[in-house]
Amino acid sequence: MKPIFVRGISNQFRLTLAIILSVALLVANHRLDPARQSLASVFSPLQYLASVPGAALDWSSESFATRNMLALQNKELLRQQLLMSERLQRFEHLRQENERLRALLGSPAYLDSRKMVAEVLEVASDPFHQYVVLNHGSRSGVFVGQPVVDAQGVVGQVVQVSEMTSRVLLLSDVSHGLPVRITRNDVRLVANGTGELDEIELRHVPKSTDIRVGDLLVTSGLGNRFPEGYPVARVMEVLTEDGQSYARVTAQPLAALDRIRYLLLIWPANDSGVTLPNQLVAPAADHPTATDGDNTDTTIPTVKTVTPQVKLTRPDINAAKPVTSTPAAVNPPAETVRPATEVNQ
């Protein structure tokens, strides 16, 4: 026996409703950003709470470490300190030499920018996106588009900021692109993510491009997003196939994207050309406008104060215009009286 109420909502109605909701979400996507930031700020304490067990385990493992383990770690740290001291001495010599060369060329020196150490609170579990969540947000001055690096190289950039946390899109994400250059010959390319943590690719590279396995890729500084000179990846494979106009180039990121714990947030220097969200633009009232020229009383003193400077730098112009010369105030000739009476009228 057939039940009476078997038929429910038709498939056509479900499809129409799904299409309408999809279009509405696409249209209102950019308007939902404040709501997303508010929700992220509300759930930030939960992220801190979720990281408490891991922090407790780390603290317990550090507290119950044996004496031999501490001795080995101390020995390893001492060895690394000696190596870094030797490298720092060589870098200091190179820095001084670089400053002398820049002084000869008249090039401006790069200024140190502000930096902040951040800790990873969460790693994305989404298979289609690769990002991490840091324990610093807008309260610490973090902004969207801020570059993030670690001890080896570039990690990614900030794509979302809440009050106490921020989300960093990793370099290997398929939607991430970064302008780079080869240190050997300054060839400029664009590095794109492939979805794999240990691989990025350089697309649309002509077969005639001088690129080799082992070349170091660093940030080029184009786009005013990443400072110039930070290491990004090293070329691992260059494939050229017959009949193809472009070569297939893959590189391996220098940053350990699969085991990052502490990262470094970088703020651009004041003269880098990057405008931060918290930098205010001077109002238009602070600048002179074109409407000031309509008032005759304000125009005349402006001409009187500017013309002595013009007389000192360009005597030929002053000779052509005796009206604005300084001796005219002592002994005004007939030519200078006529323009003055025209102004008074």
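Going by the structure above, here's the rest.
Everything numeric here is computed off the predicted structure, so don't read it as measured data.

1. Some thoughts on the overall build of the protein
Across its full length, the protein carries seven helices and twelve strands. The 345 residues of the protein split such that 24% are buried. Sequence separation of 24 or more characterises 56% of the internal contacts of the protein that already satisfy a separation of 6 or more. As presented, the protein carries roughly 24,600 Å² of accessible surface, and 59% of it is formed by carbon and sulfur atoms.

2. Describing the side chain of Asn192
The residue Asn192 is located in strand 7 (residues 188-193) in this model. If we ignore the near neighbours within four places in the chain, the residues touching Asn192 are His176, Gly177, Ile200, Glu201 and Arg203.

3. Considerations on the sheet that holds strand 3 (residues 147-149)
Around the barrel, six strands lie side by side as 1-2-5-4-3-12; this closed barrel has antiparallel pairing. The average angle at which neighbouring strand axes cross in this sheet is 45 degrees, direction not considered. Pairing analysis gives three bridges linking strand 3 to strand 4 (residues 154-161), with the strands arranged antiparallel. Residue Pro147 lies in a different strand from strand 4, and its bridge partner there is Gln157. Across the sheet, helix 2 (residues 33-50) touches strand 1 (115-123), strand 2 (131-134) and strand 4, and the angle it forms with strand 4 is around 115 degrees.

4. A few points about the pairing of strand 2
Of the two faces of strand 2, both are covered, the one formed by Tyr131 and Val133 as well as the one formed by Val132 and Leu134. As defined by bridge partners, strand 1 adjoins strand 2 across three bridges and the pair is classed as antiparallel. For Val123, the partnering residue across the bridge sits in strand 2 and is Val132. By the bridge criterion, four bridges tie strand 2 to strand 5 (residues 166-170) in an arrangement that is antiparallel. Within the sheet, the bridge partner assigned to Val132 lies in strand 5 and is Val168.

5. Brief notes about the nonpolar core
With 21 residues, the main nonpolar core has Val180, Leu202, Leu217 and Val232 as its most contacted residues. Of all the secondary structure elements, the ones that give two or more residues to this core are strand 6 (177-182), strand 7, strand 8 (200-206), strand 10 (231-239) and strand 11 (246-253). Counting residues in hydrophobic clusters, the runner-up holds 19 residues, among them Val132, Phe143, Val148 and Ala255.

6. Details of unusual backbone geometry
Phi at His204 is positive, roughly 55 degrees, even though this residue is not glycine. Within the fold, His204 resides in strand 8.

7. Quick look at the environment of Leu49
Secondary-structure assignment places Leu49 in helix 2. Looking at Leu49, the relative accessible area reads 57%, which means it is exposed. Taking C-alpha positions, Leu49 is 9.8 Å from Leu121, a pair spaced 72 residues apart along the chain.

8. Some thoughts on the sheet that holds strand 11
The strands making up a sheet are joined through hydrogen bonds of the backbone, oriented either antiparallel or parallel. Taken in spatial order, the six strands of this closed barrel run 6-7-8-11-10-9, and their pairing is antiparallel. Taking each pair of neighbouring strands and ignoring which way they run, the sheet shows an average axis angle of 40 degrees. Here strand 6 pairs with strand 9 (residues 216-219) via three bridges, running antiparallel. Residue Val180 lies in a different strand from strand 9, and its bridge partner there is Thr219.

9. What about the pairing of strand 1?
Every other side chain in a regular strand lies on the same face of the sheet, so the side chains alternate between the two faces. Here five bridges tie strand 1 to strand 12 (residues 262-266), and the two strands are oriented antiparallel to one another. Along strand 12, the bridge assignment pairs Lys115 with Ile266.

10. Considering the pattern of salt bridges
Tallied over the entire structure, the rule returns eleven salt bridges. The residue Arg184 makes a salt bridge to Asp215 at a minimum N-O spacing of 3.0 Å. Taken together, the positions of Arg184 in the loop between strand 6 and strand 7 and Asp215 in the loop between strand 8 and strand 9 put the pair 31 residues apart, joining distant regions of the chain. Connected through shared salt-bridge partners, Arg184, Asp210, Arg212 and Asp215 make up one network.

11. Description of the packing of aromatic side chains
Summed over the entire model, instances satisfying the criterion amount to zero aromatic pairs. Directly above the aromatic system of Trp267 lies the positively charged group of Arg114, at a separation of 4.0 Å from the ring centroid.

12. Quick look at the environment of Val159
Mapped onto the elements of the fold, Val159 is located in strand 4. C-alpha of Val159 to C-alpha of Leu170: the two residues are eleven residues apart in sequence and 9.8 Å apart in space.

13. Here's the deal with a nonpolar patch on the surface
Taken together, Leu39, Val42, Phe43, Leu46, Leu49 and Val52 make up a surface patch of nonpolar side chains, about 600 Å² in accessible area. Of all the elements, helix 2 adds the most residues to the nonpolar patch, at five residues.

Cut-offs used in this document
Residues numbered from 1 in each chain as written. Predicted model: local features only at pLDDT ≥ 70, side-chain atom pairs only at ≥ 80, totals over all residues. Heavy atoms only, no water. Helix = DSSP H or I, 4+ residues; strand = E, 2+ residues; numbered from the N terminus. Buried < 20%, exposed > 50% of the residue type's maximum accessible area, 1.4 Å probe, protein only. Contact = heavy atoms within 4.5 Å. Areas by Shrake-Rupley, 256 points an atom, 1.4 Å probe, with all protein chains shown as cover. Pairing = 2+ DSSP bridges. Axes fitted to C-alpha atoms, helices over the stretch in contact; angles between N-to-C directions. Core = buried A, V, L, I, M, F, W, Y, C linked by side-chain atoms within 4.5 Å. Salt bridge = Lys/Arg side-chain N within 4 Å of Asp/Glu carboxyl O. Phe/Tyr/Trp six-rings, centres within 6.5 Å; stacked < 30°, edge-to-face > 60°. Lys NZ or Arg CZ within 6 Å of the ring centre and 35° of its normal. Patch = residues over 30% accessible without salt bridge, like charges linked within 9 Å, V, L, I, M, F, W, Y side chains within 5 Å.

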